[in-house]
Amino acid sequence: MSVCDVVIMGAMGRMGATLARLAKADPDNYRLAGALERSGCTDGLAGLECAVGDDLATVLAKCPGAVVIDFTAPQASVASAEIAAKAGNPMVVGTTGLSPEQTAALARSAEKTPIFFAPNMSVGLNVLLTVLPDLVRKLGPAYNLEIMEIHHNRKADAPSGTAIKLGQCLAAARGQDYDAVKRHSRDGIIGPRTPDEIGVAALRGGDVVGDHTVYFFGPGERIEVTHRVGNRETFAQGALRAAAWVRRQKPGKLYAMADMLA
């Protein structure tokens, strides 16, 4: 299999720098073909020995076929997807906090070029999503479902995209619409908990990369299922694996981790 060329958005940021470092450390499988940063912030890119700049269209003209990897911000990721689609470059998006409208915009770009989108690039977390529905069904409706997530103090969105994905997974296993049963945090005199609701709590502090716990509160017992990420390399490795996979796919749908794992 040929080496996978990648173009990293936000290459001086925490995730971008990790992606660039891992790609360069694995030359048998990946080649860092391009790196981008915001205007006025590109000085640090020179040492990466690849096409660099602050304009994606210009960099992609030098990197035909390379997979764009973007962990930046919702609006920026949507704009980058439109540019990648026009250029015909595949793309991997790991950005969190996208609105339904922004996700729909990604899907429109995916009609023109293969795009892989996952709010959490951890393979372990995504395997967990395949296991949880069976647990929900076997435990039955007597168990209250709750989610708690913990992230570093610089995370901009809450609850995390992964917590929402977990909630959607639990709701679907019960045949529910997540938006109808979700309870994001609680405050004040809210009355008793309803049997159907799925509560989500968000904690922020320190340098926590990402912890998620799903609770099953039953009569006289509880089950806690926890996934913890120790460092950003977990997400970066998942994104690089996704890049190597998505470049072999066809346009026409917004691919997810479940597609790759299948």
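Please refer to the structure placed before this passage.
What counts as what
- Residues numbered from 1 in each chain as written.
- Predicted model: local features only at pLDDT ≥ 70, side-chain atom pairs only at ≥ 80, totals over all residues.
- Heavy atoms only, no water.
- Helix = DSSP H or I, 4+ residues; strand = E, 2+ residues; numbered from the N terminus.
- Rg over C-alpha atoms; globule rule 2.2 N^0.38 Å.
- Buried < 20%, exposed > 50% of the residue type's maximum accessible area, 1.4 Å probe, protein only.
- Contact = heavy atoms within 4.5 Å.
- Lys, Arg positive; Asp, Glu negative; His and termini not counted.
- Charge placed at Lys NZ, Arg CZ, Asp CG, Glu CD.
- Axes fitted to C-alpha atoms, helices over the stretch in contact; angles between N-to-C directions.
- Parallel < 35°, antiparallel > 145°, perpendicular 65-115°, else oblique.
- Left-handed = near helix turned anticlockwise from the far one by under 90°.
- Nonpolar A, V, L, I, M, F, W, Y, C, P; charged D, E, K, R; others polar.
- Pairing = 2+ DSSP bridges.
- Phe/Tyr/Trp six-rings, centres within 6.5 Å; stacked < 30°, edge-to-face > 60°.
- Salt bridge = Lys/Arg side-chain N within 4 Å of Asp/Glu carboxyl O.
- Polar contact = N/O pair within 3.5 Å; in protein donor to acceptor, adjacent residues only side chain to side chain.

Got a minute to help me understand the overall build of the protein in this structure?
Along the backbone of the protein there are nine helices and twelve strands. In terms of C-alpha radius of gyration, the protein reaches 19 Å, essentially the compact-globule figure of 18 Å for 262 residues. Principal axes of the C-alpha set define a box for the protein whose edges measure 60 × 35 × 35 Å. The buried share of the protein, taken over its 262 residues, is 47%. Residue pairs in contact within the protein that sit at least 24 positions apart in sequence constitute 67% of those at least 6 positions apart. Both charge centroids of the protein, one from 28 positive and one from 27 negative side chains, sit 3 Å from each other.

Hey, could you run me through the packing of helix α1 (residues 14-25) against helix α8 (residues 233-246) in this one?
Helix-helix packing is described using two parameters, namely the angle between the two axes and the distance between the axes. At a minimum axis distance of 9 Å, the contact between α1 and α8 shows a crossing angle of 60 degrees. Comparing their axes, α8 and α1 come out oblique. Crossing geometry of α1 relative to α8 is assigned as right-handed. Mapping the contact onto sequence places M15, T18, L19, R21, L22 and A23 in α1 and E233, F235, A236, Q237, A239 and L240 in α8. Residues belonging to the contact of α1 with α8 are distributed by class as follows: eight nonpolar, two polar and two charged.

Explanation requested: the sheet that holds strand β6 (residues 115-117) in the structure shown.
In sheet architecture, strand pairing relies on hydrogen bonds along the backbone and comes in two forms, parallel and antiparallel. Spatially, the seven strands line up as an open sheet ordered β3-β2-β1-β4-β5-β6-β12, and their pairing is parallel. This sheet does not close on itself; its edge strands, each paired only once, are β3 (51-53) and β12 (254-255). Where β6 lies against β12, two bridges are found, and the strand directions are parallel. Bridged to F116 within β12 is Y255.

Looking at this structure, I do not really get the pairing of strand β10 (residues 210-218). What am I missing?
If a strand is regular, its side chains alternate between the two faces of the sheet. Among the nine residues that make up β10, eight are buried, leaving the element largely enclosed by the rest of the structure. Summarising the sheet, strand β7 (residues 144-151) and β10 pair through seven bridges and their orientation is antiparallel. What sits directly across from E146, in β10, is Y215. Inspection of the sheet shows β10 paired to strand β11 (residues 221-229) by nine bridges, in the antiparallel sense. Paired with F216 across the bridge in β11 is I223. Once β10 ends, the chain turns through two residues before running back antiparallel as β11, passing G220 with a positive phi of about 80 degrees.

Any chance you could explain the sheet that holds β11 here in plain terms?
If you trace the five strands from one edge of the open sheet to the other, you get β8-β9-β7-β10-β11, paired in mixed fashion. A strand with exactly one partner marks an edge of an open sheet, and here the two such strands are β8 (182-184) and β11. The average undirected angle you get between the axes of adjacent strands in this sheet is 15 degrees. The pairing of β8 with strand β9 (residues 198-204) spans three bridges and is parallel.

Mind showing me how you'd approach the packing of aromatic side chains here?
The description of an aromatic ring pair rests on the distance of the ring centres and on the angle between the ring planes. Scanning the model with the defined rule gives three aromatic pairs in all. Arranged with centres 5.3 Å apart and planes meeting at 85 degrees, the rings of W245 and Y255 form a pair that is edge-to-face. Of this pair, W245 sits in helix α8 while Y255 sits in strand β12, and the two are ten residues apart along the sequence. For W245, a relative accessible area of 14% corresponds to the buried category. In textbook terms, an aromatic cluster arises when at least three aromatic residues are bridged by ring pairs, as seen for F116, W245 and Y255.

I tried to follow the environment of C4 on my own but got confused; where do I start?
Looking at the element boundaries, C4 is found in strand β1 (residues 4-8). The class for C4 is buried, based on a relative accessible area of 0%. On a C-alpha basis, the gap between C4 and K62 in space is 15 Å, while along the polypeptide they are 58 residues apart. Among all residues touching C4, those that are not within four sequence positions of it are N29, Y30, R31, V67, A243, A244 and R247.

Got a minute to help me understand the side chain of H152 in this structure?
The topology assignment puts H152 in the loop between β7 and α6 (161-173). For H152, a relative accessible area of 11% gives the class buried.

Which parts of the structure should I look at to understand the side chain of D70?
If you trace the backbone, D70 turns up in strand β4 (residues 67-70). It turns out D70 is buried and unbridged, and the closest side chain with the opposite charge, R38, is 11 Å from it. Within the structure, the side chain of D70 is placed 2.5 Å from the side chain of T72, a separation counted as a polar contact. Apart from residues no more than four positions distant in its own chain, D70 is found in contact with M9, A76, S77, S80, M91, V92, V93, G94 and T95.

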